[in-house]
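So the chains spell out like this:
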Amino acid sequence: MRIVQKYGGSSVATLELIRGVAKRAIATKNEGHEVVVVLSAMKGETDRLLQLAMEAHPSPEPRELDSVLATGEQVSIGLFAISCQALGEKVKSFLGFQAGVKTDDQHGRARITDLDPARIRTELAKGRIVAVAGFQGINRHGDLTTLGRGGSDATAVALAIGLKADLCEIYTDVEGIYTTDPHICEKARKMERICYEEMLELASLGAKVMEIRSVELGMNYGVQIHVRHAHSQATGTLILKEDSEMEKTPVRGVTLSVNEARVTLLNVPDQPGVASRILSLVSKAGVVVDMIIQNRSFSDVPEGAKLTDFSFTVPLTDYPKTMELMEAAREEIGASRVVGDDTIAKVSIVGVGMRNHAGVAALMFQALAKENINLSMISTSEIKISCVIEKKYGELAVRALHEAFELDKLEG
Ligand code: ADP
Ligand code: ASP
Ligand code: MG
């Protein structure tokens, strides 16, 4: 078989751990497989590099920032290859561009557009293990790009597709995909299987165990992904196509995101075109809006005036920029005030079974009310419900929902 194995930052945090990863890759090869290993930077390294760049300039130019960030993975693959050689194994390491990972031009959040893994194939044919730096690629100008946080997952899935691998294994610091973050809720339970749709929602709603684009790629190309612990032999979780078993349970996962903030424009004119004016300003600045709520304002409104409050959430990193933008446009939009809040969290429940179960939202709101947690925004889709709450109640809300939907008893 041809196997792509990806090891995350915590799995390569020290030289000792890298040696362990090398032994695991060699053992896989000795079972008669072709092995491609994708590595992340050593734990904490990408944060350290980011911090350094921000010290040099508070908003570094994205192209140059990518030059700095891409070094983390380079160290990992080099140390991995040397560790393999120390164990007498034939190996070759490649940076993203050497492995043929082509991306678009969006530095810091580039998308893989094409893959030319010719050199990887050649080395595999020579009986070598191939190590590839995750999280990076090259754009059409020949410049280095990075794929966004957690991007090594996408490198691994893309390579599995490009190399027509039989298996894509994502090795991490937990035993698989759990019903919620096991570091928040000790009753979290490992799932044996999860479908792409559910994993996509979990990833986009805050479960960082799999990066969202990697799940998207896996879904589009039908790559079966096995998420498992880097230093245990236990079977992990398979990400695959939905089946009827999965629909029997309404909710299979709970997530928490603390990386969003809310911006509210008070008393904007309640007339056509206002929402589009606000949101086009935001999108022109490259900011992606998540939840939107528009509410007729009943307070402080002069008789006869038709006014509304308009709120939306944005990623925390884009919050200062968005507030500045809205302050600058406030008068033109006709709002009386712009109010921001970066003390919010979003708690969500996910499950494909929600499509055919009634009363799921009611049970969610009841569980949160029981803990006296106030909901300030709600959004739903076919297979998820999200609520914005105060950040300080985030973890409590996760545990309350896990309990209410009895996820500790989930089968499979
Ligand atoms: P890696 O460094 O291997 O890429 P990450 O830190 O990106 O690992 O992702 C693993 C972490 O994801 C876990 O340590 C866990 O805290 C977190 N996590 C959040 N939600 C879940 C979930 N539903 N199941 C498993 N892990 C989760
Ligand atoms: N090193 C990068 C990060 O920390 C990419 C990854 O680990 O997947 O986000
Ligand atoms: Mg990760």
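Right above here is the structure, for reference.
These notes cover the structure that comes with them. Keep in mind it's a predicted model, so treat the numbers as computed, not measured.

1. Considering the site of ligand 1
Logical step 1: Taken together, 18 residues are adjacent to ligand 1, and Thr 172, Asp 173, Tyr 178, Asp 181 and His 183 come closest.
Logical step 2: At a separation of 3.1 Å, an oxygen atom of ligand 1 approaches a polar side-chain atom of Lys 6.
Logical step 3: A distance of 2.9 Å separates a nitrogen atom of ligand 1 from a polar atom in the backbone of Tyr 178.
Logical step 4: In isolation ligand 1 exposes 580 Å². Once the protein is present, 88% of that is buried.
Logical step 5: A per-class count over the shell around ligand 1 returns seven nonpolar, seven polar and four charged.

2. Some details on the site of ligand 2
Logical step 1: As a matter of local geometry, ligand 2 sits amid Ser 40, Ala 41, Thr 46, Glu 73, Phe 135, Arg 149, Gly 150, Gly 151 and Ser 152.
Logical step 2: A distance of 2.8 Å is found between a nitrogen atom of ligand 2 and a side-chain nitrogen or oxygen belonging to Thr 46.
Logical step 3: At 2.7 Å, a side-chain N or O of Glu 73 approaches a nitrogen atom of ligand 2.
Logical step 4: Out of a free accessible area of 260 Å², ligand 2 has 87% covered by protein chains.
Logical step 5: Across the shell around ligand 2, the residue classes break down as two nonpolar, five polar and two charged.

3. A closer look at the sheet that holds strand E9 (residues 167–172)
Logical step 1: What the eight strands build is an open sheet, ordered E3-E6-E2-E1-E9-E11-E12-E10; its pairing is mixed. At either end of the open sheet lies a strand with only one pairing partner, and these are strand E3 (91–94) and strand E10 (193–195). With direction set aside, neighbouring strand axes in the sheet form an average angle of 20 degrees.
Logical step 2: Note that E9 and strand E11 (residues 225–229) share five bridges and pair parallel. Across the sheet, Ile 170 pairs through a bridge with Val 227, a residue of E11.
Logical step 3: Where helix H1 (residues 15–30) meets the sheet, it contacts strand E1 (2–7), strand E2 (34–39), strand E6 (129–133), E9 and E11, and its direction lies at approximately 170 degrees from that of E1.

4. Quick look at the packing of aromatic side chains
Logical step 1: Inspection of every chain in the model, using the stated rule, returns two aromatic pairs.
Logical step 2: For the ring pair Tyr 7 and Tyr 171, a centre distance of 4.6 Å and an interplane angle of 5 degrees mean the geometry is stacked. Pair noted here: Tyr 7 is in strand E1 and Tyr 171 is in strand E9, with a separation of 164 residues, a long-range link. Neither residue differs from the other here; Tyr 7 and Tyr 171 are each classed as buried.
Logical step 3: Geometrically, the ring pair formed by Phe 310 and Phe 312 is tilted, given 6.2 Å between the ring centres and 55 degrees between the ring planes. For the pair formed by Phe 310 and Phe 312, the shared burial category is buried.

Rules used throughout
- Here the residue numbering is sequential within each chain, running from 1 through the sequence in written order.
- Lettering for chains starts from A, numbering for ligands starts from 1, and both go in the order in which the items are written.
- Only residues with pLDDT of at least 70 are given local features in this predicted model, and only at 80 or more are side-chain atom pairs given and counted; all residues enter the totals for whole chains, interfaces and linings.
- Heavy atoms throughout the structure, all of them, feed into the side-chain values; hydrogens and water do not.
- If a single non-hydrogen atom of a residue is within 4 Å of a molecule or strand, that residue counts as near it.
- Two N or O atoms form a polar contact when they lie within 3.5 Å of each other; inside protein one atom must be a possible hydrogen donor and the other a possible acceptor, and for residues adjacent in sequence the pair counts only when both atoms belong to side chains.
- Exposure was quantified through the Shrake-Rupley algorithm and a 1.4 Å probe, taking into account, for residues, occlusion by the shown protein chains and nothing else.
- Note that Gly is not counted as nonpolar here; it falls among the polar residues with everything else outside the nonpolar set of Ala, Val, Leu, Ile, Met, Phe, Trp, Tyr, Cys and Pro and the charged set of Asp, Glu, Lys and Arg.
- The criterion for strand pairing is that DSSP finds at least two bridges linking the strands in question.
- A helix here means a DSSP run of H or I that spans at least four residues, while a strand means a run of E at least two residues long, and both kinds are numbered starting from the N terminus.
- In this description, a line fitted to the C-alpha atoms serves as the axis of each element, helices being fitted only across the stretch in contact, and the angle between N-to-C directions of two axes falls anywhere from 0 to 180 degrees.
- Between two residues, a contact is recorded if the distance between any of their heavy atoms is within 4.5 Å.
- Pairing of aromatic rings covers Phe, Tyr and the six-membered ring of Trp, with a centre-to-centre limit of 6.5 Å; geometry is then stacked below 30 degrees between planes, edge-to-face above 60, and tilted otherwise.
- With a 1.4 Å probe rolled over the protein chains alone, any residue whose accessible area is under 20% of its type maximum counts as buried; one over 50% counts as exposed, and the rest are partly exposed.

Everything listed here is a matter of geometry and, on its own, says nothing about what the molecule does.
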